[in-house]
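# Survey of secondary and tertiary structure
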Amino acid sequence: MTYRVLISDPLSEEGIKPLRETENIEIVKNPGWDETELLENIDQFDALLVRSQTQVTRPLLEKAARLKIVGRAGVGVDNIDLDAATENGIIVVNAPNGNTNSAAEHTVAMIMSLSRNIPQAFHALKQKQWDRKRFVGVELKQKTLGVVGLGRIGAEVAKRAKGQRMNVIAYDPFLTDEKAEQMGIKRGTLEEVLQAGDFITVHTPLLKETRHLINAEAFELMKDGVQIVNCARGGIIDEDALYDAIVSGKVAGAALDVFEQEPFTEHKLLTLPEVVATPHLGASTVEAQEIVAVDVSHDVIRFLEGKAVRHPVNLPSIPSEAMHQIEPYFYLAEKLGTFIIDLANEVISEIRISYSGDLSEIESGPVTRNAVKGILKRYLGSRVNDVNALYLADRKGITVSESKRSARKGFTNLITIEVIGASGSRKVSGTLLNGLGPRLVRVDDYQVDATPEGHMVVIQHIDQPGVIGRMGSAFAEHNINIATMQVDRSDVGGNAIMLLTIDRHLEDKALAEIALLDEIKSVTAIDL
Ligand SMILES: NC(=O)c1ccc[n+]([C@@H]2O[C@H](COP(=O)([O-])OP(=O)(O)OC[C@H]3O[C@@H](n4cnc5c(N)ncnc54)[C@H](O)[C@@H]3O)[C@@H](O)[C@H]2O)c1
Ligand SMILES: O=C(O)CC[C@@H](O)C(=O)O
């Protein structure tokens, strides 16, 4: 199969080489489509690669019937509707590390532009004004840098500020005293950082909680003459409040690389001489663009090859070692899910998944998602995958729970899926046997041993002489070959089960005739 990949923002050509060198991938790069054309064409693509310009909206994602993955060549994903991606079973990956250094260096450049009035002085010189008094600056040494958000970039900026012999105080909900001490910086509350900073730089994501984090009240807390830098996301700083703070003299200078609305060319902030601005250049270096493009290209390739991705955004990120441990269970879990929903053959309200043995000690989330995918695809078809399985179950009012217990005896690893419907509970268990692969080992309370694949038939019957013989003859009359048969009973003469694998699908007519045989209680055909 050829996968079609749309690249709708400028990505490094060197960086997308892994895609170019992958045989079954066809690339459409920067076709220059506007929003309408993108909407018209998106359903032709399996993968979409963007930076920060393309808005990956809900309407676009809902139109993208073929899209499986969105790759963000960078950190911020605020231009992607993550909920819509998840609901439509589209995984989003990003490249969180590739442009950290570039963004940190750009931030430092912006701090120094402010401290020495470099852009303004250059602009004046270009106007043939040799003016050395107007552009007297300040040293960074011994000044305090307030950092709001000490993640990858914030930490790199803090390190560089220390190199300039600045004092650094940072606020980050996840910053510990130990980490602050280790970095030689001070940990403070947001208020303390805003009060202490001679320069304040923000490095948080743009979230509901961080939108307008730096607002008029925040400016009130700051020192007179403070200088502000935003190389993170427009919107973290309230631009109108910043304008007022500069005009009032509270803020002596502001250096902005990102803006609430981009492109940003008309805002009144640009009319102020105290403002330095760049058009979202923090990641715009040859090196950063190559790294992020390579990283996101590799993740797209991994995903299209059915492998785990390294940087999922709308799925929990699992370390590759742990993923290596659990991937072999995905197939088993999905097959058990499909088996049990066909066996139950009714609307269900609850899915209970239990893990025992080795499985009780590993990250089971992705396995659960594959089991739920196996169940739901009977209702919803191929639009269900492990990205949207839990969302779709929730939307159908089906609760999903997990339990774990170490197994002192029996199977070294066992997955049991129980579904609850109006007529009660049905359950199935499976395991992975070394060298033998997935095995179905329990149906309800009966012990069996079969490979969960192909055309299977579950027959509930009364444990009586002749039932099995009649069953065999009935299948023979319909020219259906029985490949494997497992039998178990609750007790002598009591309830019993046959689990068959047959060579072709059991048509309804044959099923109905077999179900009428003496001692037969139910016949269920399950095609895996
Ligand atoms: N200008 C650019 O071109 C450019 C380039 C790269 C990244 N960015 C942006 O920079 C920002 C930071 O990127 P990063 O890679 O460092 O991300 P990161 O996830 O490594 O760090 C973000 C930090 O913000 C912290 N945080 C979250 N909410 C907070 C709050 N209310 N107050 C204080 N801290 C809070 C988090 O705990 C985390 O440590 C992102 O918005 C990213 O999109 C911009
Ligand atoms: O792609 C870019 O140029 C910007 C990326 C940057 O804002 C990010 O969040 O990684």
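Because the structure is predicted, anything quoted here is derived from the model rather than measured. Residue numbers here run from 1 along each chain, matching the order of that chain's written sequence. Chain letters start at A and ligand numbers start at 1, both assigned in the order the entries are written. pLDDT decides what is reported in this predicted model: residues at 70 or higher carry local features, side-chain atom pairs at 80 or more are listed and counted, and totals for whole chains, interfaces and linings draw on all residues regardless. Only heavy atoms go into the side-chain values, all of them from the structure, while hydrogens and water stay out.

### Some words on the domain arrangement of the protein chain
The domain boundaries assigned to the protein chain delineate domain 1 (3–97 + 287–305), domain 2 (99–277), domain 3 (318–418 + 431–442) and domain 4 (454–527). The split of the chain into domains comes from an automatic or database domain assignment. Inter-centroid distance (C-alpha atoms) of domain 3 to domain 4 is 26 Å. Contacts are assigned to residue pairs with any non-hydrogen atoms lying within 4.5 Å of each other. At the junction of the two partners, domain 3 supplies 6 residues and domain 4 supplies 6 residues. Here's the idea: put two parts together, see how much 1.4 Å probe accessible area each one loses, and the total over both is what we call buried area. For the pair domain 3 and domain 4, the summed buried surface comes to about 490 Å²; carbon and sulfur atoms form 76% of the total. The largest contributions to the domain 3 side of the interface with domain 4 come from Phe-339, Asp-342 and Leu-343, which together make up 72% of the buried area. What makes a salt bridge here is a side-chain nitrogen of Lys or Arg within 4 Å of a carboxyl oxygen of Asp or Glu, nothing more. The tally of links from domain 3 across to domain 4 stands at 0 salt bridges.

### Focus on the packing of aromatic side chains
Two aromatic rings, drawn from Phe, Tyr or Trp (for Trp, its six-membered ring), form a pair once their centres lie within 6.5 Å of each other, and the interplanar angle then sorts them: stacked below 30 degrees, edge-to-face above 60, tilted otherwise. Applying the stated criterion to the full structure yields 2 aromatic pairs. Summarising the aromatic geometry, the rings of Phe-259 and Phe-264 are spaced 3.9 Å apart at their centres and angled 15° between planes, so their arrangement reads as stacked. Per residue, the accessibility class of Phe-259 equals that of Phe-264, and both read buried. Remark: a charge is flagged as sitting over a ring if the NZ atom of Lys or the CZ atom of Arg is within 6 Å of the ring centre and within 35 degrees of the ring normal. One Lys or Arg, Lys-396, reaches over the ring of Tyr-379 and ends 5.6 Å from the middle of that ring. Each residue gets one of three labels from its accessible area relative to the maximum for its type: buried under 20%, exposed over 50%, partly exposed in between, using a 1.4 Å probe on protein chains only.

### Details of the site of ligand 1
For this description, a residue counts as near a given molecule or strand if any of its non-hydrogen atoms is within 4 Å of it. Taken together, 26 residues sit near ligand 1, with Arg-152, Ile-153, Asp-172, Cys-231 and Asp-257 positioned nearest. Between ligand 1 and Asp-257, the relevant distance is 3.0 Å, taken from a nitrogen atom to a side-chain nitrogen or oxygen of the residue. Identification of polar contacts relies on pairs of N or O atoms within 3.5 Å, with a donor-acceptor requirement for protein atoms, meaning one able to donate a hydrogen and the other able to accept it, and with residues adjacent in sequence counted only if both atoms are side-chain atoms. Measuring from an oxygen atom of ligand 1, one finds a side-chain N or O atom of His-280 at 3.3 Å. When ligand 1 is considered free in solution it has 860 Å² of accessible area, and contact with the protein chains removes 87% of it. Any residue that is not Ala, Val, Leu, Ile, Met, Phe, Trp, Tyr, Cys, Pro, Asp, Glu, Lys or Arg is counted as polar, Gly included; the first ten are nonpolar and the last four charged. Its residues placed into classes, the shell around ligand 1 shows 13 nonpolar, 9 polar and 4 charged. Note on areas: Shrake-Rupley, 1.4 Å probe, and residue coverage restricted to the protein chains presented here.

### Some details on the layout of surface pockets
What the second largest pocket holds in volume is close to 910 Å³. Cavities and pockets were defined on a 1 Å grid built from protein atoms only: a cavity is a group of points that admits a 1.4 Å probe but offers it no way out, a pocket is an open group of points flanked by protein on both sides within 12 Å along at least five of seven lines, and a lining residue is one with an atom within 4 Å of any such point. Surrounding the second largest pocket, 38 residues form its lining, Gly-89, Phe-303, Asn-385, Asp-386 and Val-387 being those nearest its centre. The helix and strand labels rest on DSSP assignments: H or I over at least four residues marks a helix, E over at least two residues marks a strand, and numbering proceeds from the N terminus. Of all elements in the fold, only helix H3 (58–63), helix H12 (286–304), helix H14 (328–344) and helix H15 (365–380) reach the threshold of two or more residues within the lining of the second largest pocket. Tallying contributions element by element places H15 first for the lining of the second largest pocket, with 5 residues. Residue-level mapping places the lining of the second largest pocket at the junction of two domains, with at least three residues from each of domain 1 (3–97 + 287–305) and domain 3 (318–418 + 431–442). Grid points are joined across faces, edges and corners, and a volume is the space filled by probe spheres set on the points.

### Thoughts on the sheet that holds strand E10 (residues 226–230)
One requirement defines pairing of two strands: DSSP has to find at least two bridges between them. Pairing within the open sheet is parallel, and its 7 strands lie in the order E8-E7-E6-E9-E10-E11-E12. Single-partner strands in this sheet number two, and they are strand E8 (186–187) and strand E12 (275–277). Pairing of strand E11 (residues 251–256) with E12 involves 3 bridges; the strand directions are parallel. Bridge assignment links Ala-254 to a residue of E12, and that residue is Val-275.

### Comments concerning the pattern of salt bridges
A full pass over the atoms with the stated rule returns 31 salt bridges. Here Lys-159 ties to Glu-156 by a salt bridge, and the two come within 2.9 Å at their closest N and O atoms. In this pair, Lys-159 and Glu-156 both sit in helix H7 (residues 152–163), 3 residues apart, roughly one turn of the helix. Given a relative accessible area of 49%, Lys-159 falls into the partly exposed group. Asp-177 is the salt-bridge partner of Arg-187, the closest N and O atoms lying 2.6 Å from each other. In this pair, Arg-187 sits in strand E8 while Asp-177 sits in helix H8 (residues 177–183), placing the two residues 10 residues apart along the sequence. The network of salt bridges with shared partners includes Arg-58, Glu-62, Asp-81 and Glu-87.

### Here's the deal with the environment of Gly-253
Take Gly-253: it is sitting in strand E11. Residues Gly-253 and Ser-113, spaced 140 residues apart in sequence, show a C-alpha to C-alpha distance of 9.8 Å. Once you skip the residues sitting within four places of it in the chain, Gly-253 turns out to touch Leu-114, Val-226, Gln-227, Ile-228 and Glu-274.

### Considerations on the packing of helix H5 (residues 100–116) against H7
Running from N to C, H5 and H7 cross one another at 50°; their axes reach a closest spacing of 9 Å. Relative to H7, the element H5 lies oblique. Judged by the sense of rotation from one axis to the other, the crossing of H5 with H7 is right-handed. Along its contact with H5, which presents Thr-100, Asn-101, Ala-103, Ala-104, Glu-105, Thr-107, Val-108 and Ile-111, the element H7 presents Arg-152, Ile-153, Glu-156, Val-157 and Arg-160. In the contact of H5 with H7, the residues fall into 6 nonpolar, 3 polar and 4 charged. Interaxial angle, 0 to 180 degrees, is taken between N-to-C directions of lines fitted to C-alpha atoms, where a helix line uses only the stretch in contact. Note on terminology: angles under 35 degrees are roughly parallel, angles over 145 are roughly antiparallel, angles of 65 to 115 are roughly perpendicular, and the others are oblique. Helix crossings are classified by the rotation of the near helix relative to the far one: an anticlockwise turn of less than a right angle makes the crossing left-handed, while a clockwise turn makes it right-handed.

### Some thoughts on unusual backbone geometry
Where the residue is not glycine, phi is negative for most of them; where a peptide bond is considered, it is trans in most cases. For the bond from Glu-262 to Pro-263, the omega torsion is 0°, close enough to zero to count as cis. On the secondary structure map, Pro-263 appears in the loop between E11 and E12. The phi dihedral of Gln-142 falls on the positive side, at around 70°, and the residue is not glycine. By the element assignment, Gln-142 lies in the loop between helix H6 (118–126) and strand E6 (144–148). One non-glycine residue, His-280, lies in the positive phi region at around 55°. By the secondary structure assignment, His-280 is in the loop between E12 and H12. Given a relative accessible area of 21%, His-280 falls into the partly exposed group.

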